[in-house]
Amino acid sequence: QVQLVESGGGLVQAGGSLRLSCAASGIIFSSAGMAWYRQAPGKQRELVAGFTRGGTTNYADSVKGRFTISRDNAKNTVYLQMNTLRPEDTAVYYCYANTLRDGILSQYWGQGTQVTVSS
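Below you will find a few notes about this structure. (Residues numbered from 1 in each chain as written. Predicted model: local features only at pLDDT ≥ 70, side-chain atom pairs only at ≥ 80, totals over all residues. Heavy atoms only, no water.)

## Things to note about the overall build of the chain
- Along its length, the chain carries zero helices and eleven strands.
- Along the chain, from the amino end to the carboxyl end, the secondary structure elements read β-β-β-β-β-β-β-β-β-β-β.
- Seen along its three principal axes, the alpha-carbon backbone of the chain occupies a region of about 50 × 30 × 25 Å.
- The buried share among the 119 residues of the chain stands at 40%.
- Here the contacts in the chain between residues at least 6 apart in sequence split such that 55% fall between residues at least 24 apart.
- Taken as a whole, the chain presents about 6,400 Å² of accessible surface, with 47% of it coming from carbon and sulfur. (Helix = DSSP H or I, 4+ residues; strand = E, 2+ residues; numbered from the N terminus. Buried < 20%, exposed > 50% of the residue type's maximum accessible area, 1.4 Å probe, protein only. Contact = heavy atoms within 4.5 Å. Areas by Shrake-Rupley, 256 points an atom, 1.4 Å probe, with all protein chains shown as cover.)

This is the structure we're talking about:
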């Protein structure tokens, strides 16, 4: 039973900061790909930041220099530090994980947490 549980969302003023957390269970965290996605109304879900299983870090162009993804393997937790938030960052943010075993890719999603940035 894989679970991804997000926390840290909320309402913040433009220019402010939030730190999202995603606690993972039921997977071998250290070998899993982990990422944050977001989806705003009327828009496709997009990758915000992530670690591939090989350790490569990826960021959306719109958040480079403002957001930082990190992980704490001892706590099985991935974080998204969001600084200099803008109203266009408003979205539901989802934690994502993938694992590869016996040639089969499995993908998992958290329930999402709302981030609202007011102008």
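What follows continues from the structure just given.
## Considering unusual backbone geometry
- Backbone geometry at Asn76 places phi at a positive 50 degrees, although glycine is not the residue there.
- Topologically, Asn76 is positioned in the loop between β7 (67-72) and β8 (77-82).
- Classification of Asn76 by relative accessible area gives partly exposed; the value is 27%.
- One non-glycine residue with positive phi stands out, namely Thr84, at about 50 degrees.
- As for its placement among the helices and strands, Thr84 is situated in the loop between β8 and β9 (91-101).
- Take Thr84: its relative accessible area is 47%, and that puts it in the partly exposed class.

## Observations concerning the packing of aromatic side chains
- One pass over the structure, following the stated rule, counts four aromatic pairs.
- When the ring of Tyr37 is compared with that of Tyr96, the centres are 5.4 Å apart and the planes differ by 65 degrees; the resulting orientation is edge-to-face. Taken together, the positions of Tyr37 in strand β4 (residues 33-39) and Tyr96 in strand β9 put the pair 59 residues apart, joining distant regions of the chain.
- Taking the centre distance of 5.0 Å and the plane angle of 65 degrees together, the rings of Tyr37 and Trp109 count as edge-to-face. Placement of Tyr37 in strand β4 and of Trp109 in strand β10 (residues 104-109) is noted, with a sequence separation of 72 residues between them.
- Looking at Trp109, the relative accessible area reads 39%, which means it is partly exposed.
- Among the aromatic side chains, those forming a connected cluster through ring pairs are Tyr37, Tyr94, Tyr96 and Trp109.
- Sitting over the ring of Tyr79, Arg19 keeps its end group 4.0 Å from the ring centre.
- Seen from the ring of Phe29, Arg71 lies directly overhead, with NZ or CZ sitting 4.5 Å from the centre. (Phe/Tyr/Trp six-rings, centres within 6.5 Å; stacked < 30°, edge-to-face > 60°. Lys NZ or Arg CZ within 6 Å of the ring centre and 35° of its normal.)

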